[in-house]
Amino acid sequence: MQTWDAVRARRNVRDFSDRAIPDADLDRILDAGRRAPSARNTQPWDFVVVTDRERLIALSHVWRGAGHIARSAATIAIVAPVPTDDRQAGLNQFDLGQASMVMAVTAADLGIGSGHAAVGDQQLAQSLLGFPNTHFLAYLLALGYPADQPLKPLTQMDRRSFGDVVHRDHW
Ligand SMILES: Cc1cc2nc3c(=O)[nH]c(=O)nc-3n(C[C@H](O)[C@H](O)[C@H](O)COP(=O)(O)O)c2cc1C
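Residues numbered from 1 in each chain as written. Predicted model: local features only at pLDDT ≥ 70, side-chain atom pairs only at ≥ 80, totals over all residues.

What follows concerns the overall build of the chain. Each helix and strand in the chain was counted, giving six helices and four strands. Each helix (α) and strand (β) of the chain, taken in turn from the N terminus, gives the series α-α-β-α-β-α-β-α-β-α. By the compact-globule yardstick of 16 Å for 171 residues, the chain fits well, its C-alpha radius of gyration being 17 Å. With respect to the three principal axes, the spread of C-alpha positions in the chain is 45 × 40 × 30 Å. (Helix = DSSP H or I, 4+ residues; strand = E, 2+ residues; numbered from the N terminus. Rg over C-alpha atoms; globule rule 2.2 N^0.38 Å.)

On to the pairing of strand S3 (residues 113-117), then. Of all five residues that make up S3, four are buried, and the element is covered over most of its length. The sheet contact formed by S3 and strand S4 (residues 135-144) spans five bridges and is antiparallel. Paired with Ser-114 across the strands is Leu-143, a residue of S4. (Buried ≥ 20, exposed ≤ 12 C-beta atoms within 10 Å, placed from the backbone. Pairing = 2+ DSSP bridges.)

All right, on to the sheet that holds S3 then. Reading across from one edge, S1-S2-S4-S3 is the order of the four strands in this open sheet, with antiparallel pairing throughout. Looking at strand neighbours, the two that pair on one side only are strand S1 (46-50) and S3, the edges of this open sheet. The mean inter-strand angle of the sheet, taken between neighbouring strand axes irrespective of direction, is 25°. Of the pairings in the sheet, the one linking S1 to strand S2 (residues 74-81) comprises five bridges and is antiparallel in character. In the sheet register, Asp-46 faces S2, and the bridge partner there is Val-79. The strands touched by helix H4 (residues 86-109) are S2, S3 and S4; relative to S4, the strand with the most contacts, the crossing angle is about 15°. Of the strands in this sheet, S1, S2 and S4 are in contact with helix H5 (residues 122-129), which crosses S4 at around 70°. (Axes fitted to C-alpha atoms, helices over the stretch in contact; angles between N-to-C directions. Contact = placed C-beta atoms within 7 Å.)

The subject of this paragraph is the nonpolar core. Inside soluble globular proteins, nonpolar side chains tend to come together where they are buried. Counting 35 residues, the largest nonpolar core has Ile-78, Leu-140, Leu-141 and Leu-143 as the members making the most contacts within it. Counting only elements with at least two residues in this core, the list comes to helix H2 (23-34), helix H3 (53-59), S2, H4 and S4. The element best represented in this core is S4, accounting for seven residues. Filtering out sequence-adjacent residues up to four positions away, Ile-78 remains in contact with Trp-45, Phe-47, Leu-96, Ala-99, Ser-100, Ala-138, Tyr-139 and Leu-141. (Core = buried A, V, L, I, M, F, W, Y, C linked by C-beta atoms within 7 Å.)

Position of Arg-55 among the secondary structure elements: in helix H3. On the neighbour-count criterion, Arg-55 (17 C-beta atoms within 10 Å) is partly exposed. Placed 98 residues apart in sequence, Arg-55 and Pro-153 show a C-alpha to C-alpha distance of 32 Å. Apart from the residues lying within four places of it in its own chain, the contact partners of Arg-55 are Val-50 and Leu-128.

Axis separation between H2 and H4 bottoms out at 8 Å; the angle between their running directions is 150°. Judged by the angle between their axes, H2 and H4 are roughly antiparallel. Considering how the two elements wind past one another, H2 and H4 form a crossing that is right-handed. Residue-level inspection shows Arg-28, Ile-29, Ala-32 and Gly-33 of H2 in contact with H4, the latter providing Ala-99, Val-102, Met-103, Thr-106 and Ala-107. Of the residues belonging to the contact of H2 with H4, the class tally is six nonpolar, two polar and one charged. (Parallel < 35°, antiparallel > 145°, perpendicular 65-115°, else oblique. Left-handed = near helix turned anticlockwise from the far one by under 90°. Nonpolar A, V, L, I, M, F, W, Y, C, P; charged D, E, K, R; others polar.)

Nothing here speaks to function; it is geometry throughout.
Rendered as structure tokens:
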């Protein structure tokens, strides 16, 4: 796909086919996240990529809205340092968002769907993933080929209109 097509094709996918993701494609998605910009280039992320079915099922219990993790071909667990203050927390969240989005668009470019999940149970997450106490599981990004339709640029989206969002020269 062209970049503009990949941007328009990305949508949250929560039902995945049984098809495995080639290792090279998974690595490309992870590398895209690694290359994301961050405040002062702090790169406040580690990625734990999970493909083992039992572990994916267990991971889906970290949040009530994470059921799709169990059905994914792979899930990227985005682990971040526990912030020292509110300013760092805000910057880190922005940076994690950038890393997530570039991974989602890179996946879409490869025809691979992605679906976020938030995290509620940090103890369960830590016991499954083994990250140190200095860190927490910020988000999960499920990956896999969509079970319904292949990704293609969307013509209609559930979004505020362009005119409502965009302000020119002043609000
Ligand atoms: C920070 C963040 C957290 C999200 N958490 C969840 C979640 O826990 N479970 C879920 O099913 N979707 C989750 N989503 C997906 C959003 O609901 C989805 O992106 C939004 O409805 C727009 O739909 P689209 O991605 O198909 O455009 C999350 C998205 C973001 C950006």
